[in-house]
Amino acid sequence: MTESENQEASSKKSFKTCDNNDPSPWSDLNHELLFTVMMQLGVVDFPAFSGVCKSWRSFALSYKTKFMESRPIICMSICTESNEEDYNYYLDDINTEGRSFNSILPHSGGRTCVGFTGGHLILFGSKTHDFWLLDPVTRHGVHFPNIPSSVSDDPANIRGFLVFSPSKSGWVFVMTDGSANIWYSISGQGEWNHVSSTSPIVDLIAFNGKMYAIDNSGHLCELTINPEPKLSILETKNFPNFPKLQQFYCSGESLYVSRYLPVVGHYEYHKLDFEEMKWVLCKSSRKASSSNTKLKRIAAAKQGKSKLFIWQHMVYPKIV
């Protein structure tokens, strides 16, 4: 068989998915079987799985949220020693030694990753001062315009999240720069609006269909943007007394604020009891996990070439 005949035969390879004599192509693989196969994969295998063919990609994207929710956290690093347009990135499965995947982040050159939200990396333009929220698995993104000149362009101060607002019929990116202002932009409208607090904002979160903020005066605030933007202080009891170091954390149906205590070397978590609107100290974690140990080894291997951080796909939050 000639080389051209070999190539032609290879291109016609198919997978038999039925008992009759008519073979079916990979794209026609039974969805129940395809789902079973997909759920056995690790996160680092998902991009390759979704790239087999158009049918598999459509199937993978339909079940991406369910798949990612069932997977443990992974390590992601961005290599800035790339061309000016696209940075390389690496997914490392910290639960399985040696499992990794690398690809490119389109239109990421000249940007700094300042966080992640709803499965998207928050990429901030160092010179353009705009935002590119990019899903590293699908490599699809949502763009938001450059921030007003009055907003700090220091990436270390930026906190934000992405939500879908049915009332606005689009994606909304909400961010703060550590000042008393909370800024938001609706995808496609090309502008920013803001609301102000009486104290600098420490952190933001979208939780159970609502948007919350905490400031360094110990206030829990609720943000609404429909019909008009408004920031309301919620009355709570026993707010933990550690301003400036606190941050939101959510797990299931529970909302927490947490802080790291470097002197004693542990994290402290306070859960909000929504029925009584009071904060309850619920747990304190001192022991370093085995995942952290693995992360240190990965960080050492990539030192000087990459920005390293934990990445976990989260469900896209929606606000009412």
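Values in this document were obtained by computation on a predicted structure and should not be read as measured data.

(A) Just the overall build of the protein, in detail. A count of helical and extended segments in the protein gives six helices and 20 strands. Long-range pairs, those at least 24 residues apart, make up 43% of the contacts in the protein with a sequence separation of at least 6.

(B) Representation of the environment of A156 in the model. Note on placement: A156 falls in the loop between β7 (141–144) and β8 (159–165). Remark: the alpha-carbon pair of A156 and C113, spanning 43 residues in sequence, is separated by 9.9 Å.

(C) Fine view of the sheet that holds strand β9 (residues 170–176). The strand order β8-β9-β10-β11 describes an open sheet built from four strands, whose pairing is antiparallel. Both outer strands of the open sheet, β8 and β11 (193–196), are each paired with one neighbouring strand and no more. The average angle at which neighbouring strand axes cross in this sheet is 20 degrees, direction not considered. Where strand β10 (residues 181–186) and β11 come together, four bridges link them in antiparallel fashion. Bridge assignment links I182 to a residue of β11, and that residue is V195.

(D) Main features of the sheet that holds strand β15 (residues 230–234). Pairing within the open sheet is antiparallel, and its four strands lie in the order β12-β13-β14-β15. Pairing within the sheet leaves two strands with one partner each, and these edge strands are β12 (201–207) and β15. Strand-to-strand, the axes of this sheet are offset by a mean angle of 30 degrees, without reference to chain direction. One ladder, built from six bridges, connects β12 with strand β13 (residues 210–215); its direction is antiparallel. Following the sheet pairing, I201 is matched in β13 by D215.

(E) Spatial organisation of the UniProt feature "domain: F-box" (unreviewed entry) in the protein. Those places that UniProt annotates as "domain: F-box" (unreviewed entry) correspond, in this numbering, to residues 26–64. Between the C-alpha atoms that bound residues 26–64 there is a distance of 19 Å. The span itself is 59% helix and 0% strand.

(F) Quick look at the packing of aromatic side chains. Within this structure, the stated rule accounts for 17 aromatic pairs. On the numbers, 6.1 Å between centres and 15 degrees between planes, the contact of F207 with F274 is stacked. Placement of the pair is F207 in strand β12 and F274 in the loop between β18 (266–273) and β19 (278–285), with a sequence separation of 67 residues. Take F207: its relative accessible area is 5%, and that puts it in the buried class. Residues Y212 and F274 carry aromatic rings whose centres are separated by 6.4 Å and whose planes lie at 50 degrees to one another, so their mutual orientation is tilted. In this pair, Y212 sits in strand β13 while F274 sits in the loop between β18 and β19, placing the two residues 62 residues apart along the sequence. Classification of Y212 as buried rests on a relative accessible area of 5%. Taking the relative accessible area as the measure of exposure, F274 reaches 34% and is therefore partly exposed.

(G) Structural detail: the pairing of strand β6 (residues 131–134). On β6, burial covers both faces: F131 and L133 on one face and W132 and L134 on the other are all buried. With four bridges joining them, strand β5 (residues 120–125) and β6 adopt antiparallel strand pairing. Within β6, the position partnered with L123 by the bridge is W132. Taken together, β5 and the strand that follows it, β6, pair antiparallel across an intervening segment of five residues, in which H129 is found at a positive phi of about 60 degrees.

(H) How the structure looks around the nonpolar core. F161, V172, V174, I182, L204, M211 and L223 are the most contacted members of the largest nonpolar core, which has 17 residues in total. For this core, the elements supplying multiple residues, two or more each, are β8, β9, β10, β12, β13 and β14 (220–224). Apart from residues lying up to four places away in sequence, V172 is in contact with F144, F161, L162, V163, S165, Y184, S185, I186 and I225. Grouped together as the second largest cluster of nonpolar side chains are 15 residues, I122, F144, I158 and F173 included.

(I) Summary view of helix α4 (residues 54–62). Looking at α4, one finds that the buried residues are W56, F59 and A60. Within α4, the buried residues cover an arc of 100 degrees as seen down the axis, which keeps them to one side. Turned more than 90 degrees away from the buried face of α4 sit K54 and S62, all of them exposed. Contact partners of the buried residues in α4: α2 (31–38), α3 (46–50) and α5 (64–69).

Conventions adopted
- Sequence order sets the numbering: in each chain, residues are counted from 1 along the sequence as written.
- Whole-chain, interface and lining totals are the exception, using all residues; otherwise, since this is a predicted model, local features are given only for residues with pLDDT of at least 70 and side-chain atom pairs are given and counted only at 80 or more.
- Based on all heavy atoms of the structure, the side-chain values leave hydrogens and waters out of the count.
- Helix numbering and strand numbering both begin at the N terminus, where a helix is a DSSP run of H or I of at least 4 residues and a strand a DSSP run of E of at least 2.
- We call two residues in contact when some of their heavy atoms are within 4.5 Å.
- At least two bridges found by DSSP between two strands is the condition for calling them paired.
- All axes are obtained by fitting lines to C-alpha atoms, using only the stretch in contact for helices, and the reported angles, taken between N-to-C directions, cover 0 to 180 degrees.
- UniProt positions are given in the numbering used here, feature names are shortened, and annotations may be inferred rather than shown by experiment.
- Only rings of Phe, Tyr and Trp enter the pairing, Trp through its six-membered ring, and a pair is recorded when the two centres are within 6.5 Å. The plane angle decides the type: under 30 degrees is stacked, over 60 is edge-to-face, the rest tilted.
- Exposure classes here rest on a 1.4 Å probe applied to the protein chains alone. A residue is buried below 20% of its type maximum, exposed above 50%, and partly exposed in between.
- Put simply, a nonpolar core is a bunch of buried Ala, Val, Leu, Ile, Met, Phe, Trp, Tyr and Cys residues held in one set by side-chain atoms that sit within 4.5 Å of each other.
- The directions considered for the arc are those from the helix axis to the C-beta atoms.

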